[in-house]
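The lines below spell out each chain.
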Amino acid sequence: MKATIPDDTIAAIATPPGEGGIGIVRLSGPAAIAIAHSIFVSSRGRDIQTDPGRVFHGEIRDERGVVDEVLVHVMRAPHSYTAEDVVEINAHGGAGPLRAILELTLANGARLAQPGEFTKRAFLNGRIDLVQAEAVLDRIRARTDAALRAAASAAQGTLSKSIHQFSDVLADALARVESAIDFPEEDLPELVDDVLHRQLVQTLDEMRELLATAHAGRLYREGASIAIAGRPNVGKSSLFNALLRDARAIVTAQPGTTRDLLEEVITLGGIPARLTDTAGLRAADDEVERIGIEVARRALANADIVLFLIDGAAPVTPEDEDRAREVLALGIPSVLVVNKIDLNPAPQPPAWANEFTAIANVSAAQSIGLKELEDTLHRLLLGDAGTVAPDRGLITRVHQRDSLRRAITALERMLDNYTASPEFLSIDVRESLDALGEITGETTPEDILDRVFSSFCIGK
Ligand SMILES: Nc1nc2c(ncn2[C@@H]2O[C@H](COP(=O)(O)OP(=O)(O)OP(=O)(O)O)[C@@H](O)[C@H]2O)c(=O)[nH]1
Ligand SMILES: [Mg+2]
């Protein structure tokens, strides 16, 4: 259940460490304006406690004199991020002035904020729900435009709205079931084909559709990892560079060029994907190369997709097959990429090609076939969820997915036993409602709330 509404005033540096044009110390709580007032001198003699203005120019001072020249931004409750009185002191961006101003606010009655505490207050004060609070973090961390837009849509309440629509139908059902408990002479079995029953069945469908977005939601938020593997000299680093559109990795005609892992992030239809170039797999004598190959094997085992490259301009060797089997044995979706088709436009695929999830013919050096390869990767990553429209709301977190699953299971149980005694039905409906409430934060256990907000940075 929700914790009590806070009554103290918190402060933190809200901008990242390091030097910048400006830096911000943020205060929130009932004493925010009074604390700012006690350390601020307006250049035009204005009093931020009584003046109706919102932005004030002046100086932060302590007993030894001027600390910094600042702009003070006053936002009165409830029209602020936290819905409390908030003051943002815009100072010069650097550890010196910001630390000094923060210390002054603490000396004057503020308490140092915990990570995510400003957002937690917005939640506790009812300005945003848990989905929206989590979307704030997703926004900050978004690495692609699609991820940013999905988070922005969640922050505006699309997912919350879907959840509330489900809860409304379930709350109706609960009222009906409970009235059947109170007035047992009105039989429930007659209700099987009625409007409410149809609504419940439809709601169950919609809940399942939403659950199906969990996979895409995780990918948008966390990204995917794609590793490139194959024997030395088949063109792994060339493909890495081609997909990055940057000459990042060293390419030479000498086998065993790449020894370490190289990682860069590319975007596949809005999904951030960490692409890894690895050392060519072979029995190496050289110690550095041998270690590189070990590292490569570990990277392959942890990838979401492996791109297994062969040289399409050279005869396929037993060595290729051995390495292919090694990759296939990992049980990860794998694409057989036949490279160097500029030298051999119609390569004969090896007999074991169809054991791969997909095949792509490319020329890494000439950038041929890359678009098709990227489309294949996008399809493999998203699967059936490829058609998901993020603006209808996405499940992006494990705890949201688990709660939605519980809500679905309880509703399925209720519908399976629709003619059972109303006492039984009410247990299932309540459980489904509670599970939905955990997504929006209404019934979320304290430890999950703490975990959510502690993953934020201080000052957010
Ligand atoms: N013609 C042609 N040559 C290519 C192509 N891709 C790579 N090469 C050449 O193949 C050689 C090896 O390329 P790399 O990208 O270094 O191969 P690698 O698999 O990373 O090799 P290692 O790091 O040694 O395992 C270089 O001489 C490249 O120029 C291609 O599509 N067509
Ligand atoms: Mg290489």
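The structure presented is a predicted model; accordingly, all values stated were derived computationally and were not measured. (Residues numbered from 1 in each chain as written. Chains lettered and ligands numbered in written order. Predicted model: local features only at pLDDT ≥ 70, side-chain atom pairs only at ≥ 80, totals over all residues.)

**Overview of the sheet that holds strand E8 (residues 224–230)**
With mixed pairing, six strands are arranged side by side in an open sheet as E9-E10-E8-E11-E12-E13. Each having just a single partner strand, strand E9 (262–268) and strand E13 (358–361) make up the two edges of the open sheet. Here the average twist between neighbouring strands, direction ignored, is 25 degrees. For strand E11 (residues 305–311) and strand E12 (residues 334–339), the ladder comprises six bridges, and the chain directions are parallel. Note on E12: the bridge partner recorded for Leu309 is Val337. (Pairing = 2+ DSSP bridges. Helix = DSSP H or I, 4+ residues; strand = E, 2+ residues; numbered from the N terminus. Axes fitted to C-alpha atoms, helices over the stretch in contact; angles between N-to-C directions.)

**Some words on helix H4 (residues 130–141)**
Residues spaced three or four apart along an α-helix face the same direction, because each turn holds 3.6 residues. Taking 1.5 Å of rise per residue, 12 residues should cover 16 Å, and H4 covers 17 Å from first to last C-alpha, within 8% of that figure. Most of H4 sits inside the fold, with nine of its 12 residues counted as buried. Here H4 has its buried residues at Leu130, Val131, Gln132, Ala133, Glu134, Ala135, Val136, Leu137 and Asp138. Elements that come into contact with the buried residues of H4 comprise helix H3 (117–124), helix H5 (145–155), helix H6 (158–182), helix H8 (214–222), helix H14 (422–440) and helix H15 (446–454). (Expected span 1.5 Å × (residues − 1). Buried ≥ 20, exposed ≤ 12 C-beta atoms within 10 Å, placed from the backbone. Contact = placed C-beta atoms within 7 Å.)

**A short note on the site of ligand 1**
Around ligand 1 sit 24 residues, and of these Gly235, Ser237, Thr258, Gly280 and Ala365 come closest. Ranked by residue count, the leading element in the shell around ligand 1 is helix H9 (residues 236–244), at three residues. Tallied by class, residues from the shell around ligand 1 come to eight nonpolar, 13 polar and three charged. (Near = placed C-beta within 6 Å. Nonpolar A, V, L, I, M, F, W, Y, C, P; charged D, E, K, R; others polar.)

**Observations concerning the sheet that holds strand E3 (residues 40–42)**
Strand order across the open sheet formed by seven strands is E3-E4-E5-E6-E2-E1-E7, with mixed pairing between neighbours. Both outer strands of the open sheet, E3 and strand E7 (111–112), are each paired with one neighbouring strand and no more. The sheet contact formed by strand E1 (residues 10–13) and strand E2 (residues 20–28) spans four bridges and is antiparallel. Directly across from Ile10, in E2, lies its bridge partner Ser28.

**Considerations on the nonpolar core**
Residues Val25, Ala36, Ile89, Ala229, Leu307, Phe308 and Val337 are the most contacted members of the largest nonpolar core, which totals 118 residues. Beyond its immediate chain neighbours, meaning those up to four positions away, Val337 contacts Leu239, Leu307, Phe308, Leu309, Ala360, Val362 and Leu373. (Core = buried A, V, L, I, M, F, W, Y, C linked by C-beta atoms within 7 Å.)

**Considerations on the packing of helix H13 (residues 398–416) against H14**
Where H13 contacts H14, the axes come no closer than 8 Å and their chain directions differ by 165 degrees. Judged on the interaxial angle alone, H14 and H13 are roughly antiparallel. The two elements H13 and H14 cross, and the hand of that crossing is left-handed. Here Gln400, Ser403, Leu404, Arg406, Ala407, Ala410, Leu411, Arg413 and Met414 of H13 lie close against H14, whose contacting residues are Leu425, Asp428, Val429, Glu431, Ser432, Ala435, Leu436, Glu438 and Ile439. (Parallel < 35°, antiparallel > 145°, perpendicular 65-115°, else oblique. Left-handed = near helix turned anticlockwise from the far one by under 90°.)

**Considerations on the pairing of strand E6 (residues 86–93)**
As paired strands, E2 and E6 are joined by eight bridges and run antiparallel to one another. Each bridged residue has a counterpart across the sheet, and for Gly23 the counterpart in E6 is Ala91. As paired elements, strand E5 (residues 65–75) and E6 share five bridges and run antiparallel to each other. Looking across to E6, one finds that Val74 is bridged to Val87.

**Regarding the packing of H3 against H4**
Packing of H3 against H4 leaves a shortest axis separation of 9 Å and a crossing angle of 160 degrees. Considering their axes alone, H3 and H4 lie roughly antiparallel with respect to each other. Crossing angle aside, the handedness with which H3 passes H4 is right-handed. The segment H3 lies against H4, with Thr119, Ala122 and Phe123 engaging Leu130, Ala133 and Val136. Of the residues belonging to the contact of H3 with H4, the class tally is five nonpolar, one polar and no charged.

**So, the pairing of E1**
Residue alternation in E1 divides its side chains into two sets, Ile10 and Ala12 and Ala11 and Ile13, and both sets are buried. Here E1 folds back onto E2, and the loop between the two strands holds six residues, one of which, Gly18, carries a positive phi near 110 degrees. The pairing of E1 with E7 spans two bridges and is classified as parallel. Of the residues in E7, the one forming a bridge with Ala11 is Leu112.

**A look at H13**
In a regular helix each residue adds 1.5 Å, so 19 residues correspond to 27 Å; H13 covers 27 Å between its end C-alpha atoms and thus fits that length. The set of residues buried in H13 consists of Gln400, Ser403, Leu404, Ala407, Ile408, Ala410, Leu411 and Met414. Summarising the axial view, the buried residues of H13 lie within an arc of 165 degrees, below the 170-degree limit, and thus occupy one face. Relative to its buried face, H13 has exposed residues pointing more than 90 degrees away, namely Val398 and Asp416. Packed against the buried residues of H13 are helix H7 (195–211) and H14. (Arc of directions from axis to C-beta.)

**Topic: the confidence of the model for the chain**
Summing up the model confidence of the chain, the mean pLDDT is 90 and the portion of residues at 70 or higher is 95%. At the low end of the mean pLDDT range in the chain sits H5, at 83; at the high end sits helix H1 (residues 32–39), at 98. (pLDDT = per-residue confidence, 0-100.)

**Regarding the environment of Ala214**
Its location among the elements puts Ala214 in helix H8. Assessed through the 21 C-beta atoms surrounding it within 10 Å, Ala214 is described here as buried. Not counting residues within four places of it along the chain, the set of residues in contact with Ala214 comprises Ile395 and Arg401.

**Quick look at the domain arrangement of the chain**
By the assigned domains, the chain splits into domain 1 (10–129), domain 2 (135–213 + 392–441) and domain 3 (227–385). Distance from the C-alpha centre of domain 2 to the C-alpha centre of domain 3: 43 Å. The interface of domain 2 with domain 3 comprises seven residues on the first partner and six residues on the second. Here the residues of the side of domain 2 that touches domain 3 are counted per class, giving three nonpolar, two polar and two charged. (Domains from an automatic or database assignment.)

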